[in-house]
Amino acid sequence: MHEAALHEFKAIFSRLKQTGRLMVGVPCYDTYVAHRLANHPDEPVMTYEEFFRDRQDTRYGVKGGGMNRCC
Amino acid sequence: MTRSIQTLGWIAVTLALTFAFGWIALNRGETINALWIVVAAVCVALLAYRFYSLFIARTVLQLDPRRATPAVRYNDGLDYVPTNKYVLFGHHFAAIAGAGPLVGPVLAAQLGYLPGTLWILVGVVFAGAVQDFIVLFISMRRDGRSLGDMIRSEMGQVAGVIAMFGVLLIMIILLAVLALVVVKALAHSPWGSFTVFATIPIAMLMGVYTRYLRPGRIGEMSVIGFIALIAAIYFGQIVSENPTAAEMFTFSGETLALTIIGYGFVASVLPVWLLLAPRDYLSTFLKIGTILGLALGILFVMPDLQMPAVSRFVDGTGPVFSGALFPFLFITIACGAVSGFHSLIASGTTPKMVENEDQARLIGYGSMLMESFVAIMALIAACVLEPGLYFAMNSPASLIGTTPEQAAQVISSWGFVITPDMLTQTAADVGEGTILSRAGGAPTLAVGMAHILSGAIGGKAMMAFWYHFAILFEALFILTTVDAGTRVCRFMIQDLLGTFVPVMKRTDSWMANVVATALAVTAWGYFLYQGVVDPLGGINTLWPLFGISNQMLAAIALILCTVVLFKMKRQRYAWVTMVPTAWLLICTLTAGWQKLFHPNPAIGFLSHAGKFSDALAAGTILAPAKTVEEMNRIIFNDYVDAVLCGLFIAVVLSMVVYGILAIRKALANPNVTTREVGGDEGARQAARLASRGARHA
């Protein structure tokens, strides 16, 4: 019972953390790694640092030209 | 059994709503508690979400949970990622919530709390949330393409170019008006100026931290940054109490405007990781935290509304913005009820991450309902203030004078009793020299928030802290928007000029970047400076222009939605988008027309220009101008504003024509002509992926 509640709490916390990170344009790194390993096993996987920089450049880069925030 | 419990639940919600509105209606003339407004808003949102959004999802759009979304088909772990719906809800809400829903309702409070509340609730249910939801849906069915792209492919190349030109104009006015809000909040306020200036080195330190010291540790960085921001507020007080230091950080509106223009230029050519990104992280978390804090504060403190339900200014003679309730209420509160800007967000990153089509309802419709709560809270924060105080803060100096005595006398003559002592005391409570004529919404909201939050934590002693916290929080995310928006403007200008001068298109060319950035900054800087020197306070002139443009963008997005519904052969339900489109067109075209041609110089740009031209011809100088040059400048600015307003009208009218042409073409064709992607093939692919996933599990 206690264990289950703790598990539940951890799950909620990780969701909140994920939400906070996605709010500033950084998706889940573990999901990215799992995706690369499952679908492109022979290709290199970015380290977390590379991944973070890539996401930062995408969010604020001019290439997309998109406005990712509102007034 | 469960069904009947559910039915009972919905009956209870409806009863609660009826009771809340009944209470508000029966207690006219007495003060009522803000909680009644909150109850009414929550019930409206619940009912709208449960019934109207379900109708749109099932019957109008016919969301197909088996159809593969772009996130599933293009899953790359980066841009296209199937994301948990609550996580994505948070992402989308954080992207649409900004300064807009906080400022508009504060300005509209001059009409009393009831008109604003009703428009926010009706507007969000039938226009705002509908727009966000349907744009998200159609973008999701087109690989997450942007609004401009979709207008091009569904309504034609020319329509796409016109719409993008319209968006560029809106961006320019948006940046000018937001920067003006910051200038109004910081002028002659050493505490506020010091705190906000301190955010630049703090953000840069955090930028270096996440880039080199502890790459990508957003959480740590944000905590350290937050502590530094609180320290900045603390030191701001010390600065404001020391005469020499206070003088160093006391700036006039003009100086601040030029500083922000310079800042906008420098910030938008710096690498993103140094200033923009860390500041964005801090402001995003601060924004969400403050919204939550304000909500808890209202629930906990349960303040009474001091503003009358409907004030005498519904006749259009109000000091905060000029013009009658119709149409100006409906453009003053844009974000919060319906915001065209959201159509850019709903066709941005969100559609690329939706896991299942079904979830578009929660993310599109639900987030917008949440945003309407933000607007309602802002309205409450403005209405818990003594009305006399509210008008002292929001009326231009040319009306109420510059001393507490003059202001108190003028405002009391309007029927809102206030004494000079109350004005001086409130200024002292929040740690400012004066609170007169601080238009722009932010300071009023900050005093309202300080009023509510100090009721929860800290009492009167903390009031000055809460006030500057609120100012900091608004300035922080407005300056982030100025930086990011200038970059977007630059890109649009490069794209536009690139058609004529190919070298301008190169985003890697330093020269092209600098030229386009300078053009972008000059464009919004011009309107900002004009707003700062405007005798009516600037907000009076610029906010309606911004509101008109934002609502026109919403009309354009809803026209696109209508065209798509006709192409899908769902014209039976097209009223869902046509009714809000029609309403927005009526409001914005009327407002646009009045801003151009209204005989009252306080409303019409041309009659204002005429008044000054006549005076000039007669050889007299009208206040606030002191010289002939200033007279000429005022006349010139009036014509610039008039041209801009005319351009907005032209853009939206041409979109109506293109929309009608596209609908006629769709009706003439017996087949479905919409250009969706990822139908049956997508579904098969998704089924394969799902079965593979099941095997893995």
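Residues numbered from 1 in each chain as written. Chains lettered and ligands numbered in written order. Predicted model: local features only at pLDDT ≥ 70, side-chain atom pairs only at ≥ 80, totals over all residues. Heavy atoms only, no water.

Per an unreviewed UniProt entry, chain B carries the name Carbon starvation protein A and comes from Skermanella aerolata.

The name that an unreviewed UniProt entry assigns to chain A is DUF466 domain-containing protein, with the source organism given as Skermanella aerolata.

**Student:** Describe in detail the overall build of chain B, supporting the description with residues and values.
**Tutor:** Counting its regular elements, chain B contains 28 helices and two strands. Over its C-alpha atoms chain B spans a radius of gyration of 25 Å, differing by no more than 12% from the 26 Å that the globule rule assigns to 697 residues. Overall, chain B is about 75 × 65 × 60 Å in size when its C-alpha atoms are taken along their principal axes. Residues classed as buried in chain B amount to 60% of the 697 residues present. Here chain B displays about 25,700 Å² of accessible surface, and carbon together with sulfur accounts for 67% of that area. Positive and negative side-chain charges in chain B, numbering 42 and 37 respectively, have mean positions lying 14 Å apart. (Helix = DSSP H or I, 4+ residues; strand = E, 2+ residues; numbered from the N terminus. Rg over C-alpha atoms; globule rule 2.2 N^0.38 Å. Buried < 20%, exposed > 50% of the residue type's maximum accessible area, 1.4 Å probe, protein only. Areas by Shrake-Rupley, 256 points an atom, 1.4 Å probe, with all protein chains shown as cover. Lys, Arg positive; Asp, Glu negative; His and termini not counted. Charge placed at Lys NZ, Arg CZ, Asp CG, Glu CD.)

**Student:** Quick one: what's the story with the pattern of salt bridges, residue by residue and with numbers?
**Tutor:** Proximity of charged atoms lets side chains of opposite charge pair with each other. Residue and element names in this part refer to chain B. Going through the model one piece at a time under the given rule, you end up with 20 salt bridges over all chains. The salt bridge involving D64 is made with R66; its shortest N-O contact spans 3.5 Å. Residue class for D64 comes out partly exposed when judged on its relative accessible area of 22%. Linking E432 and R438 is a salt bridge whose minimum nitrogen-to-oxygen distance equals 3.5 Å. Accessibility classification places E432 together with R438 in one group, the buried group. Connected through salt bridges with shared partners, the residues R67, R141, E357 and E676 form a single ionic network. (Salt bridge = Lys/Arg side-chain N within 4 Å of Asp/Glu carboxyl O.)

**Student:** If you had to explain the UniProt feature "domain: CstA N-terminal" (unreviewed entry) in chain B to someone new, which residues and values would you point to?
**Tutor:** Mapped onto this structure's residue numbering, the UniProt feature "domain: CstA N-terminal" (unreviewed entry) falls at residues 33-591 of chain B. A distance of 33 Å separates the end C-alpha atoms of residues 33-591 of chain B, which is 73% helix and 1% strand. (UniProt positions renumbered as here; feature names shortened; annotations may be inferred.)

**Student:** An account of the packing of helix α17 (residues 387-394) of chain B against helix α21 (residues 442-456) of chain B is requested, with residue identities and associated values reported.
**Tutor:** Residues and elements named next belong to chain B. Direction vectors running N to C along α17 and α21 enclose 150°, while the axes themselves pass 9 Å from each other. What the angle tells us is that α17 and α21 run roughly antiparallel. With respect to the hand of their crossing, α17 and α21 are arranged in right-handed fashion. Note on element contacts: α21 touches α17 through P443, T444 and V447, opposite L389, Y390, M393 and N394. The residue makeup of the contact of α17 with α21, split by class, is five nonpolar, two polar and no charged. (Axes fitted to C-alpha atoms, helices over the stretch in contact; angles between N-to-C directions. Parallel < 35°, antiparallel > 145°, perpendicular 65-115°, else oblique. Left-handed = near helix turned anticlockwise from the far one by under 90°. Contact = heavy atoms within 4.5 Å. Nonpolar A, V, L, I, M, F, W, Y, C, P; charged D, E, K, R; others polar.)

**Student:** I'd like a description of helix α8 (residues 157-186) of chain B, backed by residues and values.
**Tutor:** Residue and element names in this part refer to chain B. The end-to-end C-alpha separation of α8 is 44 Å, in line with the 44 Å expected for 30 residues at 1.5 Å each. Burial runs high along α8: 24 of the 30 residues are buried. Among the residues trailing α8, H188 stands out with phi positive, at a value near 55°. (Expected span 1.5 Å × (residues − 1).)

**Student:** I'd love a proper account of the packing of aromatic side chains, names of residues and values included.
**Tutor:** Residue and element names in this part refer to chain B. The full count for this structure, using the stated rule, is 38 aromatic pairs over all chains. Ring centres of F465 and W466 lie 5.6 Å apart, and the angle between their planes is 70°; this geometry places the pair in the edge-to-face category. Given a relative accessible area of 22%, F465 falls into the partly exposed group. Judged by its relative accessible area of 13%, W466 falls in the buried class. (Phe/Tyr/Trp six-rings, centres within 6.5 Å; stacked < 30°, edge-to-face > 60°.)

**Student:** How would you sum up unusual backbone geometry? Please name residues and give values.
**Tutor:** Residues and elements named next belong to chain B. In this structure, P327 follows F326 across a cis peptide bond, with omega equal to 0°. Looking at where P327 falls in the secondary structure, it is placed in helix α14 (residues 325-332). Within the chain, H188 stands out as a residue other than glycine whose phi angle is a positive 55°. Note that H188 resides in the loop between α8 and α9 (190-213). Given a relative accessible area of 46%, H188 falls into the partly exposed group.

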